[in-house]
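# Topology and contacts: notes
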Amino acid sequence: MGDVVTVPEKYGLGPIEVTAITGGKVEMAAPLTGSGYSVSGCSGGGGVSSEGNGGVRFSCGEGPAATMNDAMSLKVVEILDTAAILRIEPVG
C-alpha cells in the first residue's frame, strides 16, 4: 500500500494512491485536475469544486474495468494478500 501511479492529465485525475487492500477491494485516492468527476464500475465519491480542487476516493474489486471521467479504464486484474495488479489505459 501507499504505491502511487501517475496518470496522464487528460484523465482528470492526479496521481492515484493505493490506500488499502482489504476485503477483496483495492481502495484508492486521487486529487482532481478537472472540474468534474465520474466513475462507472467502482464505488466512489468525493468532493469537487468549480475550480477543479478536491479529491476522490474509490474502491474497486477484481473484475470488469471501471471507467473514470469517460477517459480512463481501470481494471483490478488480481488482488494478492497485500498487493494488487492494476491495468490503467485510455477508454476505447
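One can find the structure itself at the top, above this paragraph.
Residues numbered from 1 in each chain as written. Predicted model: local features only at pLDDT ≥ 70, side-chain atom pairs only at ≥ 80, totals over all residues. Heavy atoms only, no water.

### Section: unusual backbone geometry
- Unlike most non-glycine residues, Asn69 shows phi in positive territory, near 55°.
- Within the element layout of this structure, Asn69 appears in the loop between β7 (66–68) and β8 (72–79).
- For Asn69, a relative accessible area of 18% translates into the label buried.
- Backbone geometry places Asp70, a non-glycine residue, at a positive phi of 55°.
- Its location among the elements puts Asp70 in the loop between β7 and β8.
- Judged by its relative accessible area of 66%, Asp70 falls in the exposed class. (Helix = DSSP H or I, 4+ residues; strand = E, 2+ residues; numbered from the N terminus. Buried < 20%, exposed > 50% of the residue type's maximum accessible area, 1.4 Å probe, protein only.)

### Quick word on the state of the cysteines
- All chains considered together, the criterion is met by 1 disulfide.
- At a sulfur-sulfur separation of 1.8 Å, the disulfide partner of Cys42 is Cys60. Its S-S torsion of approximately 115° makes the covalent link between Cys42 and Cys60 right-handed. Here Cys42 is found in the loop between β4 (39–40) and β5 (43–46), whereas its partner Cys60 is found in strand β6 (residues 55–61), with 18 residues between them in sequence. (Disulfide = S-S within 2.5 Å.)

### So, the sheet that holds strand β9 (residues 84–90)
- Spatial strand order, β4-β7-β8-β9: 4 strands in an open sheet with antiparallel pairing. Lying at the two open borders of the sheet, with one neighbouring strand each, are β4 and β9.
- Pairing between β7 and β8: 3 bridges, direction antiparallel. Bridge pairing in β8 places Met68 opposite Met72. (Pairing = 2+ DSSP bridges.)

### Describing the nonpolar core
- Ranked by internal contacts, the top residues of the largest apolar core, which has 20 residues, are Leu13, Ile16, Met28, Phe58, Met72 and Leu74.
- Sorting the residues of this core by element identifies β2 (16–22), β3 (25–31), β6, β7 and β8 as the ones contributing at least two each.
- Top element by residues in this core is β8. It accounts for 4 residues.
- Once you skip the residues sitting within four places of it in the chain, Leu13 turns out to touch Val7, Pro8, Ala30, Pro31, Leu32, Thr33, Tyr37, Val56, Asn69 and Met72. (Core = buried A, V, L, I, M, F, W, Y, C linked by side-chain atoms within 4.5 Å. Contact = heavy atoms within 4.5 Å.)

### Some points on the environment of Ile16
- Within the secondary structure, Ile16 is located in strand β2.
- Counting along the chain gives 12 residues from Ile16 to Val4, while the straight-line C-alpha distance between them is 5.5 Å.
- Setting aside residues no more than four positions away along its own chain, Ile16 makes contact with Asp3, Val4, Val5, Val7, Met28, Ala29, Ala30, Phe58, Met72, Leu74 and Ile88.

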